[in-house]
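Residue-level structural notes
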Amino acid sequence: MTNRGKAASPKGLEEQGFGQEGIGKDTNAANMMSRADTTSHGKKVVSELQSAGAKGEDFTGSRLTREGLDDAGLGRDGVEKGGFGAQMQSDVDKAGVGGKVKAALQHVGAKK
């Protein structure tokens, strides 16, 4: 699988709160991390977003497993209604920034 053109840039990650200095307070990243801790779903996805942001790298999802994606509700048939992935994508939409993060997650969920 290639993710060419479907990566979230370091800027897109930073806009969501996944930065080189960690998770930003009162950001979508903080909300995602809290939701993952509370629900025990999506932890692998948040971890990979956090890792890419901390390293200043593109997020392609290449290290995510099918199991991790399914756990986050990012399935081959789309985003699970009401699941972690749906809420995460709603947060991205509400923020109005970081859309490439949303697109990258949708792409890797559908194609991996």
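Everything that follows concerns the structure shown earlier in this document.
Structural notes, computed from the coordinates. Because the structure is a prediction, the values reported are computed rather than measured.

The rules behind each value
Residues numbered from 1 in each chain as written. Predicted model: local features only at pLDDT ≥ 70, side-chain atom pairs only at ≥ 80, totals over all residues. Heavy atoms only, no water. Salt bridge = Lys/Arg side-chain N within 4 Å of Asp/Glu carboxyl O. Helix = DSSP H or I, 4+ residues; strand = E, 2+ residues; numbered from the N terminus. Buried < 20%, exposed > 50% of the residue type's maximum accessible area, 1.4 Å probe, protein only. Expected span 1.5 Å × (residues − 1). Arc of directions from axis to C-beta. Contact = heavy atoms within 4.5 Å.

Right, let's talk about the pattern of salt bridges for a bit. A pair can form between side chains of opposite charge whenever their charged atoms are brought close. The tally for this structure, following the rule as stated, stands at six salt bridges. K44 is the partner of E67 in a salt bridge, and the nearest nitrogen-oxygen pair spans 3.8 Å. In this pair, E67 sits in helix α4 (residues 66-71) while K44 sits in helix α3 (residues 43-55), placing the two residues 23 residues apart along the sequence. Since its relative accessible area comes to 45%, K44 is described here as partly exposed. Residue D93 is joined to K102 by a salt bridge in which the shortest nitrogen-to-oxygen separation is 2.9 Å. The partly exposed category is assigned to D93, whose relative accessible area is 49%.

In this section: helix α5 (residues 84-95). A rise of 1.5 Å per residue sets the reference length of α5, with its twelve residues, at 16 Å; its end C-alpha atoms lie 17 Å apart and thus fit the reference within 8%. All buried positions along α5 are accounted for by F84, G85, M88, Q89, D91 and V92. Along the axis of α5, the buried residues cluster in a sector spanning 150 degrees; they form a single face. On its buried face, α5 sits against α1 (10-16), α2 (28-39), α3, β3 (74-75), β4 (78-79) and α6 (99-111).

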